[in-house]
Amino acid sequence: MSTPAAKPDPRPDLRDLTPQQVQDLVVSLGEKPFRARQVLRWLYKGAAGDFEAMSDLAKGLRQRLHEVSRLTWLTPQAVGESGDGTRKLLYALDDGARIESVLIPEEDHHTLCVSSQVGCAQGCKFCKTATLGFRRNLRPAEIVGQVLTARTMVDEARPLTNLVFMGMGEPLDNLDNLLIALGHILGEHGLQMSQRKVTISTVGLADKLAALGRGTPAALAVSLNVPNDALRSRIMPVNRRFSLSTLKASLLAYPLKPTRRVTLEYVLLGGVNDRPEHARELIAWTRGLKCKVNLIPFNPHDGAAFTAPREEDVLAFQEILIAGNLTALLRRSRGREIGAACGQLAARAMAAEEEEGE
Ligand code: SAH
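Residues numbered from 1 in each chain as written. Predicted model: local features only at pLDDT ≥ 70, side-chain atom pairs only at ≥ 80, totals over all residues. Heavy atoms only, no water.

### Some thoughts on helix H10 (residues 276-286)
Link 1 in the chain: Among the residues of H10, His278, Ala279, Leu282, Ile283, Trp285 and Thr286 are the ones counted as buried. Burial along H10 is one-sided: seen end-on, the buried residues are contained in an arc of 165 degrees.
Link 2 in the chain: Check the buried side of H10 and you find it contacts helix H7 (229-235), helix H9 (244-252), strand E10 (262-268), strand E11 (291-297) and helix H11 (311-323).
Link 3 in the chain: With its phi angle positive at about 85 degrees, glycine 288 sits one or two positions after the end of H10. (Buried < 20%, exposed > 50% of the residue type's maximum accessible area, 1.4 Å probe, protein only. Helix = DSSP H or I, 4+ residues; strand = E, 2+ residues; numbered from the N terminus. Arc of directions from axis to C-beta. Contact = heavy atoms within 4.5 Å.)

Have a look at this one:
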């Protein structure tokens, strides 16, 4: 039923480029460098969907820009909304690939859960995105595009201030594009969001952490999930490449600012990694590491081989961590009934519903 993918457009997408590259392109059209600053303002703060929107640029320049470059604007194909106000935004990309972002309302702001890839290659056994396999990396324009579109969907009372790269994909498997997109999100030329409020979440690709730390001041979260090598290697294949001790060594070397800590995510899988001995292993593993722990009860999804933990086990686990001097917060996923909660993103269910409704 899907329409054939359009021929790839050879023109560069301006939001795939660094600010320097945008300037070079604008100068190559015979313009003064300051024109590039105007263009950049339209690309990010101005959220231009097309060149026509760049109203303070001469018509001729807009026309020439259009000839040599293009702009991607992501329009949600469907929006699912759950009772708690969480919205799941489904996008069809220009090659037909589908991704999702999740827009979560908080008391005085919104948080956006951003995707970094179509599918994922990491194969974590509890994650629904893993069942898709890996399709492709998102371009910088498709990453920052999720943020630009979400900004148009919130009001001033609750602006979009927080981003978590916990949607589809493994951000560090798409590091080059991620870093360009983060430049647009945090940088002077871009949205200027707060580096403390933008969090990159990774399965723990130890060999990429140093480059991430060099490339961006954004906050870091690591999906630890299992505190011993034997079990972690079974559930998270990445652990066969980078053991827990390798991961810890790379985290100890990570360039953290003095007041900041690494977040460790720990998905509690009923009866699997939620026993008191796992809590004690976790405490032992974190020794010497500036960190805090986010406990996430597993969100069941179709076909998952795991179940949610029992409430009393979750609370007991948290208590052991706190008694062991760890900061441990319980994170309840939002938007579960629309399949928007952690680990439920597969960009499928909503599309199927939509097609049925057509
Ligand atoms: N690849 C990155 C980001 C995507 S996963 C990473 O692994 O961090 C984002 C978070 O959701 C991870 O902490 C992951 O462990 C968690 N997660 C995945 N599936 C889940 C599920 N079914 N229930 C609860 N959390 C889940």
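### Focus on the side chain of arginine 136
Link 1 in the chain: Its location among the elements puts arginine 136 in strand E6 (residues 134-137).
Link 2 in the chain: Judged by relative accessible area, arginine 136 falls into the buried class, the value being 19%.
Link 3 in the chain: At a separation of 2.7 Å, a polar atom in the side chain of arginine 136 contacts the side chain of aspartate 95.
Link 4 in the chain: Of note is the side chain of arginine 136, whose polar atom sits 2.9 Å from the side chain of glutamate 142.
Link 5 in the chain: With sequence-adjacent residues up to four places away left out, arginine 136 is seen in contact with Leu93, Asp94, Asp95, Ala97, Gln117, Val118 and Glu142. (Polar contact = N/O pair within 3.5 Å; in protein donor to acceptor, adjacent residues only side chain to side chain.)

### Let's talk about unusual backbone geometry
Link 1 in the chain: Positive phi, normally seen in glycine, also occurs at asparagine 225, with a value near 70 degrees.
Link 2 in the chain: When you line up the elements, asparagine 225 lands in the loop between strand E9 (219-223) and H7.
Link 3 in the chain: Phi at asparagine 325 is positive, roughly 70 degrees, even though this residue is not glycine.
Link 4 in the chain: Position of asparagine 325 relative to the elements: it lies in the loop between H11 and strand E12 (328-330).

### Things to note about the packing of H9 against H10
Link 1 in the chain: At a closest axis distance of 11 Å, the pairing of H9 and H10 adopts a crossing angle of 45 degrees. Between H9 and H10, the interaxial angle falls into the category oblique. Across the interface between the two elements, Leu244, Ser245, Leu247, Lys248 and Leu251 of H9 pack against Ala284, Trp285 and Thr286 of H10.
Link 2 in the chain: For the contact of H9 with H10, the class distribution of residues is 5 nonpolar, 2 polar and 1 charged. (Axes fitted to C-alpha atoms, helices over the stretch in contact; angles between N-to-C directions. Parallel < 35°, antiparallel > 145°, perpendicular 65-115°, else oblique. Nonpolar A, V, L, I, M, F, W, Y, C, P; charged D, E, K, R; others polar.)

### Quick look at the sheet that holds E10
Link 1 in the chain: Strand order across the open sheet formed by 10 strands is E1-E2-E3-E4-E7-E8-E9-E10-E11-E12, with mixed pairing between neighbours. Strands at the two margins of the open sheet, each flanked by one partner only, are strand E1 (78-81) and E12. Strand-to-strand, the axes of this sheet are offset by a mean angle of 25 degrees, without reference to chain direction.
Link 2 in the chain: One ladder, built from 4 bridges, connects strand E8 (residues 198-202) with E9; its direction is parallel. (Pairing = 2+ DSSP bridges.)

### Re the domain arrangement of the protein chain
Link 1 in the chain: Taken as a whole, the protein chain is organised into domain 1 (14-68) and domain 2 (78-357).
Link 2 in the chain: Placing a centre on the C-alpha atoms of domain 1 and another on those of domain 2 gives a separation of 33 Å.
Link 3 in the chain: Domain 1 puts 9 residues into the contact, and the matching count from domain 2 is 12 residues.
Link 4 in the chain: Here domain 1 meets domain 2 over a buried area of about 970 Å², counting both sides, of which 63% is carbon and sulfur. (Domains from an automatic or database assignment. Buried area = accessible area lost by both parts, 1.4 Å probe.)

### Structural notes on H11
Residues that lie three or four places apart on an α-helix share one face, since the helix turns once every 3.6 residues.
Link 1 in the chain: Look at H11: 18 Å from first C-alpha to last across 13 residues, which is about the 18 Å you get at 1.5 Å a residue.
Link 2 in the chain: Those residues of H11 that are buried are in contact with E10, H10, E11 and E12.
Link 3 in the chain: Looking one or two residues past H11, asparagine 325 carries a phi angle of roughly 70 degrees, positive in sign. (Expected span 1.5 Å × (residues − 1).)

### Some words on the pattern of salt bridges
Link 1 in the chain: All told, the structure shown has 18 salt bridges when counted by the stated rule.
Link 2 in the chain: Between lysine 88 and glutamate 100 there is a salt bridge, with the nearest N and O atoms lying 3.4 Å from each other. Taken together, the residues lysine 88 in strand E2 (residues 87-92) and glutamate 100 in strand E3 (residues 98-105) connect sequence positions 12 residues apart. Neither residue differs from the other here; lysine 88 and glutamate 100 are each classed as buried.
Link 3 in the chain: A salt bridge links arginine 136 to aspartate 95; its shortest N-O distance comes to 2.7 Å. With a gap of 41 residues between them, arginine 136 in strand E6 and aspartate 95 in the loop between E2 and E3 connect regions that are remote in the sequence. (Salt bridge = Lys/Arg side-chain N within 4 Å of Asp/Glu carboxyl O.)

### Remarks on the packing of aromatic side chains
Link 1 in the chain: One pass over the structure, following the stated rule, counts 2 aromatic pairs.
Link 2 in the chain: Note on tyrosine 266 and phenylalanine 317: the rings are 4.9 Å apart at their centroids and 40 degrees apart in plane angle, and the pair reads as tilted. A residue pair is termed long-range when its members are at least 10 positions apart, and tyrosine 266 in strand E10 and phenylalanine 317 in helix H11 qualify at 51 residues. We note that tyrosine 266, like phenylalanine 317, is buried. (Phe/Tyr/Trp six-rings, centres within 6.5 Å; stacked < 30°, edge-to-face > 60°.)

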